[in-house]
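# Observations on the three-dimensional arrangement
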Amino acid sequence: MTQAALAPDVGDLLVAGLLDDAAIYPPSALPLPDAVRAHLAHRASSYAAAVGPFVCPVDAVAAAAAEAAPSRLKVALIAPSIERVGAALALGRRLDNLSVAGIEVPLGDGDPADLAWQVGGGGPAVFVEVPADRVTDALARRFTGTGLRLKLRTGGASASAFPGQDVLSSAIAVCLAAGLPFKCTAGLHRAVRHRDRLTGYEHHGFLNVLAAVAAGSTGGAVAVRQAIRERNSALVAAQIRALTAEQMVAARALFRSFGTCSIADPLADLAALGLLAAPRDTA
């Protein structure tokens, strides 16, 4: 570990389950057999604690489980609609080597209370995707008492898929105020805000999101907005390095994970910023 790295306990808290493996989605778009094999290798690696479930649409999960056999596959199931959630859960229970860690589903025109009733208590975590510009205090109140979590899309294949800085900042501030846990998906596999040289798209950074949650807990919406906008990698890393173990636990309790088509890139960024030692066996 480098001299500038986080203390081991804080570093472990930073990365624990942070990276949901979305390798079958663009831009990597690995074929399912290759993605499953790579995921199992990640889960057997020195950095396995950072790797969350294999993100898989419900229509492909039986094939994914077959590719993984006899190994057990922990998945986050992507259901296309609230009406398909029950069937997704039932399918997960029928596959012997499958463990359903979570369900991700768009809210659409549905109601969180109806979804919570369908899922029931004690099951896997359910992340409900809502466009960032629809995340308001009124919406957050509809999540109160349901046990549901929020999913924010932070990028995609077009510029319009990336919410603006102020839009994302506002959504995070709402989650903070309501104590509503969330995950992010797409466009977030680098640590710090940057403009992609090939596409020209402005990408949010996953450390910006974490810093925004940590800073916003005391500094409110203004601190969230400042952290999301920050492009200086050294300053963002310094904000993360300054967090105590207790602050890291609190921040990760809200910012649960993000889906990334690359497991290696986020870890490499953290190592380059001196926050973690570089894994020797990163695929």
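Note: the structure precedes this text.
A few points on the structure. (Residues numbered from 1 in each chain as written. Predicted model: local features only at pLDDT ≥ 70, side-chain atom pairs only at ≥ 80, totals over all residues. Heavy atoms only, no water.)

### Comments concerning the overall build of the protein
Worth spelling out the cut-off: Secondary structure elements are taken from DSSP: a helix is a run of H or I of four residues or more, a strand is a run of E of two residues or more, and numbering for both begins at the N terminus. Radius of gyration here uses only the C-alpha atoms, and the compact-globule reference equals 2.2 Å multiplied by the residue count raised to the power 0.38. Only protein chains enter the accessibility calculation, which uses a 1.4 Å probe; a residue is then buried when its area is under 20% of its type maximum, exposed when over 50%, and partly exposed in between. Only the protein chains shown count as covering a residue, and every accessible area follows the Shrake-Rupley method with a 1.4 Å probe. The charged-residue count follows a simple rule in which Lys and Arg add positive charge and Asp and Glu add negative charge, with His and chain termini not counted at all. All charge positions are set by atom: Lys at NZ, Arg at CZ, Asp at CG, Glu at CD.
What the protein contains, in helices and strands, is 11 helices and 10 strands. Relative to a compact globule of 283 residues, whose C-alpha radius of gyration would be 19 Å, the protein shows 18 Å and is just as compact. Considering only C-alpha atoms, the protein reaches an extent of 50 × 45 × 40 Å along its principal axes. Relative to its full complement of 283 residues, the protein shows a buried share of 50%. Entry remark: accessible area of the protein is about 12,400 Å², with carbon and sulfur atoms responsible for 54%. Computed over 25 positive and 24 negative side-chain charges, the separation of the two mean positions in the protein equals 1 Å.

### Things to note about the pairing of strand β5 (residues 125-129)
We apply this condition: For two strands to be treated as a pair, DSSP must find no fewer than two bridges joining them. Think of it like this: strands point away, you trace from the first strand over the helix to the second, and a clockwise trace means the crossover is right-handed.
Taking burial as the measure, the 5 residues of β5 include 5 buried ones, the bulk of the element. Neither face of β5 is left uncovered, since the one carrying Ala125, Phe127 and Glu129 and the one carrying Val126 and Val128 both have all their residues buried. Where strand β4 (residues 98-106) lies against β5, 5 bridges are found, and the strand directions are parallel. Bridge pairing links Gly102 to Ala125 in β5. Regarding the hand of the β-α-β motif, the stretch spanning β4, helix α5 (residues 112-119) and β5 is right-handed.

### What to know about the side chain of Arg252
Our working definition: Between Lys or Arg on one side and Asp or Glu on the other, a salt bridge is scored when a side-chain nitrogen of the former is within 4 Å of a carboxyl oxygen of the latter. N or O atoms closer than or at 3.5 Å make up a polar contact, with two conditions inside protein: a donor-capable atom paired with an acceptor-capable one, and, for residues adjacent in sequence, both atoms drawn from side chains. In this analysis, two residues are considered to be in contact whenever any of their non-hydrogen atoms come within 4.5 Å of each other.
For Arg252, the location among the structural elements is in helix α10 (residues 245-254). For the buried Arg252, no salt bridge exists, and the shortest N-O distance to an oppositely charged side chain is 7.7 Å, to Asp20. Looking at Arg252, its side chain comes within polar contact range of the main-chain oxygen of Phe255, at 3.0 Å. Engagement of the side chain of Arg252 in a polar contact is seen with the backbone oxygen of Arg256, the distance being 2.5 Å. Among all residues touching Arg252, those that are not within four sequence positions of it are Leu13, Leu14, Val15, Ala16, Gly17, Leu18, Leu210 and Ser257.

### Observations concerning the pattern of salt bridges
According to the stated counting rule, one finds 13 salt bridges in the structure shown. Notably, a salt bridge pairs Arg84 with Asp59, separated by 2.9 Å at the nearest N-O pair. Highlighted residues: Arg84 in the loop between β3 (73-78) and α4 (85-94) and Asp59 in the loop between β2 (51-57) and α3 (61-68), separated in sequence by 25 residues. For Asp59, a relative accessible area of 66% gives the class exposed. Of the charged contacts, one joins Glu202 and Arg193 as a salt bridge, the two residues approaching to 3.1 Å between their closest N and O atoms. Overall, the relative accessible area of 3% leaves Arg193 in the buried class. Three or more residues joined by partner-sharing salt bridges are found here, namely Asp20, Glu104, Glu129, Lys151, Arg153 and Lys183.

### Side note on the sheet that holds strand β7 (residues 182-185)
Put simply, the test is: In this description, a line fitted to the C-alpha atoms serves as the axis of each element, helices being fitted only across the stretch in contact, and the angle between N-to-C directions of two axes falls anywhere from 0 to 180 degrees.
In spatial order, the strands read β1-β2-β3-β4-β5-β6-β7-β10; together these 8 strands close into a barrel with parallel pairing. For this sheet, the mean inter-axis angle between neighbouring strands, taken without regard to orientation, is 30°. Packing of α3 onto the sheet brings it into contact with β2, β3 and β4, and relative to β3 it is tilted by some 165°.

### Some details on the environment of Ala79
Of note, Ala79 is situated in the loop between β3 and α4. Overall, Ala79 belongs to the buried group, its relative accessible area being 1%. Note: C-alpha distance between Ala79 and Ala22 (57 residues apart in sequence) is 14 Å.

### Describing α10
Buried residues of α10: Ala245, Met248, Ala251, Arg252 and Leu254, and no others. At its buried positions, α10 is contacted by α1 (8-15), α7 (165-178), β7, α8 (206-229), α9 (233-241) and β10 (255-260).

### Observations regarding the environment of Leu210
Within the fold, Leu210 resides in helix α8. For Leu210, a relative accessible area of 2% translates into the label buried. Taking the C-alpha atoms as reference points, Leu210 and Val224, separated by 14 residues in sequence, lie 9.6 Å from one another. Beyond its immediate stretch of four places on either side in the chain, Leu210 contacts Leu14, Ile240, Met248, Ala251, Arg252 and Phe255.

### A word on the packing of aromatic side chains
Keep this limit in mind: Paired rings are identified among Phe, Tyr and Trp, the last through its six-membered ring, by centres lying within 6.5 Å, and are further divided according to the angle between planes into stacked (under 30 degrees), edge-to-face (over 60) and tilted (the rest).
A complete count under the given rule lists 4 aromatic pairs for this structure. Relative to Phe258, the ring of Phe206 lies with its centre 4.9 Å away and its plane at 20°, an arrangement referred to as stacked. Separated by 52 residues along the polypeptide, Phe206 in helix α8 and Phe258 in strand β10 bring together distant segments of the chain. Grouping residues by exposure puts Phe206 and Phe258 together as buried.

### Comments concerning unusual backbone geometry
Following Pro26, the chain continues into Pro27 via a peptide bond in cis, with omega recorded as 5°. Residue Pro70 follows Ala69 across a cis peptide bond; omega there is 5°. Following the sequence through the fold, Pro70 ends up in the loop between α3 and β3. Look at Ala29: it is not a glycine, yet its phi comes out positive at around 50°. Position of Ala29 relative to the elements: it lies in the loop between β1 (19-21) and α2 (32-43). For Ala29, a relative accessible area of 42% puts it in the partly exposed group. At Ala186, a position not held by glycine, the phi torsion is positive, near 75°. Counting through the fold element by element, Ala186 comes out in the loop between β7 and β8 (194-195).

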